[in-house]
Amino acid sequence: MNQSPVWHPFTQHGLGDPTPLIDRAAGACLYDADGNRWIDAISSWWVTTHGHAHPRIMAAIRAQTEKLDQLIFAGWTHEPAETLAAELIRITPAPLTRAFFSDSGSTSVEVALKMALGYWYNIGEPRHRILVLEHSYHGDTIGTMSVGERGVYNRAWQPLLFDVGTIPFPHEGQEQATLDALEAACSQKPAAFIVEPLILGAGGMLIYPAWVLAEMRAICARHNVLFIADEVMTGWGRTGTRFACDQAGVIPDIVCLSKGLTGGAIPLAVTLCTDPVFDAHYSTDRARTFYHSSSYTANPIACAAANANLEIWRDEPVQARIDALADAQAAHLALLAADPRARSPRRLGTIAAVDIVVPDNGYLSTFAPRLIAFARDHGVLLRPLGNSVYVMPPYCIAPDELAQVWDTIRASLDAL
Ligand SMILES: *Cc1c(COP(=O)(O)O)cnc(C)c1O
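Because the structure is a prediction, the values reported are computed rather than measured. Each residue is numbered by its place in its chain's sequence as written, counting from 1. Owing to the predicted nature of the model, reporting of local features is limited to residues with pLDDT of at least 70; listing and counting of side-chain atom pairs is limited to 80 or more, with chain, interface and lining totals taken over all residues. Hydrogens and water are ignored here; the side-chain numbers use all heavy atoms of the structure.

**Q** Tell me about the sheet that holds strand β7 (residues 192-195), and name the residues and values.
**A** On the basis of which strands lie adjacent, the open sheet formed by seven strands has the order β4-β12-β11-β10-β7-β5-β6 and mixed pairing. Two strands bound the open sheet, and with one partner strand each, they are β4 (96-102) and β6 (165-167). Averaged over all pairs of adjacent strands, the angle between their axes in this sheet comes to 20 degrees, without regard to strand direction. Note on pairing: two strands pair once DSSP finds at least 2 bridges between them. Only DSSP runs of H or I covering at least 4 residues are called helices, and only runs of E covering at least 2 are called strands; the numbering of each starts at the N terminus. Of the strand pairs in this sheet, β7 and strand β10 (residues 226-230) are connected by four bridges, and their pairing is parallel. Residue pairing across strands places Ile194 opposite Ile228, the latter belonging to β10. Should any heavy atoms of two residues lie within 4.5 Å, those residues are considered in contact. With axes taken as lines fitted to C-alpha atoms, and helix axes fitted only over the stretch in contact, angles between N-to-C directions fall between 0 and 180 degrees. Contacts from helix α4 (residues 105-122) reach β4, β5 (130-133), β7, β10, β11 (254-257) and β12 (269-274) within the one sheet, and its direction differs from that of β12 by about 25 degrees.

**Q** Account for the state of the cysteines, naming residues and giving values.
**A** Our working definition of a disulfide is a cysteine sulfur pair at a distance within 2.5 Å. In total, this model carries zero disulfides according to the counting rule given. Counting only cysteine sulfurs, Cys186 is the nearest neighbor of Cys220, a cysteine outside any disulfide, at a range of 4.2 Å. The buried label applies to any residue whose accessible area, calculated with a 1.4 Å probe on protein chains only, is under 20% of its type's maximum; exposed applies above 50%, and partly exposed to all values in between. Overall, the relative accessible area of 0% leaves Cys220 in the buried class.

**Q** So what's going on with the site of the ligand? Which residues, and what values?
**A** We call a residue near a molecule or strand as soon as one heavy atom of that residue lies within 4 Å of the molecule or strand. What surrounds the ligand is the set Trp46, Ser104, Gly105, Ser106, Tyr137, His138, Gly139, Glu196, Asp230, Val232, Met233 and Lys259. Ser106 places a polar side-chain atom, nitrogen or oxygen, 2.7 Å from an oxygen atom of the ligand. We define a polar contact as two N or O atoms separated by no more than 3.5 Å, with the added condition that, inside protein, one atom must be a possible hydrogen donor and the other a possible acceptor, whereas residues neighbouring each other in sequence contribute only through side-chain atom pairs. Between the ligand and the protein, one listed contact pairs an oxygen atom with a side-chain N or O atom of Lys259 at 2.7 Å. When the ligand sits alone it has 380 Å² of accessible area, and the protein chains cover 83% of it. Each residue gets one label: Ala, Val, Leu, Ile, Met, Phe, Trp, Tyr, Cys and Pro are nonpolar, Asp, Glu, Lys and Arg are charged, and the others, such as Gly, are polar. Residue composition of the shell around the ligand, by class: four nonpolar, five polar and three charged. All accessible-area figures derive from a Shrake-Rupley calculation using a 1.4 Å probe, and residue coverage is judged against the displayed protein chains alone.

Structure below.
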């Protein structure tokens, strides 16, 4: 195990934890070469939506590899990207008219921030301040760490992170304080407010109501502050609707999508924006070009996978699966409600979470690695955020598989 030269993400190799070698995946399950099975209760880090190796997405990838693998996207284009952009614009609210592709959630957020700052720069009223919500997570690049919560996971780089305005999280009963703080911050003419709509993922699956999201959007509109929705995690059905903003009737100026964009099969991201943001860069003056690119921008194979994802949304009963999973999650959560060791049971759409009462709260709680190991030994892939355990499975998970996940969590409370 220690012979491997691979340096894994968010992994302390010094702890010597085993690293299972996965050979194949199907539906909600992962398998090693010996036939051992794990239920993927966190959708392989929130990306797999319909299930692993969905036949339609796999077929689309195979077909695309026969035609066009990769193409420079500056000044050239291809059918999979054109189809995908048109379809994304069709299924999102009318004011969103342009699609800028990149290759990860972090890059889609970097693009959103650069678009927002570019907007103000190009209309001749430069603004540089970004407002963020407390406990946010938007990625692990220097820019996206800057707009995220500061903590042990980014302490080494803190001197490099740019300053932002932080709005308190709208905890229950304190929503008005959040809105008042946003109102006050917006009057200082910041460039943009970036937010994870309805649920803060990496921050601990913190849920807030749709009316607060709608109010935050209205405040930004009133003050002419660009509103950026980071739907990288929330998009593609996780919260019960295709996009979280749908539940609040919110139309952002800029939207970031990734993770489930290809059904979770292959990396791709897109940043959607409105006419004013695009038009601020539209000119015969080359100096006003939006200077951003990744080598693999709009990779044709990834776009083909995303088009297959959109076909699945169109042709298969995806919403019905999401509704059924949401109901099943609610039922399992209810079974834990009376357990004094599980606090704040909460759910938004298909995502369910509880906080386990442990002596050492926080991200470095020793509970997390012990639960990960316990679940791994019991055929379940879990990865709590500190002492917050969440279940976010692919929508195809079978009732008995979901029951095994929750049985494992309950058993872990007794065992640990
Ligand atoms: C995962 C995530 C990101 C970063 O996406 P990557 O593809 O890991 O770069 C950004 N924002 C949110 C809300 C996320 O959950």
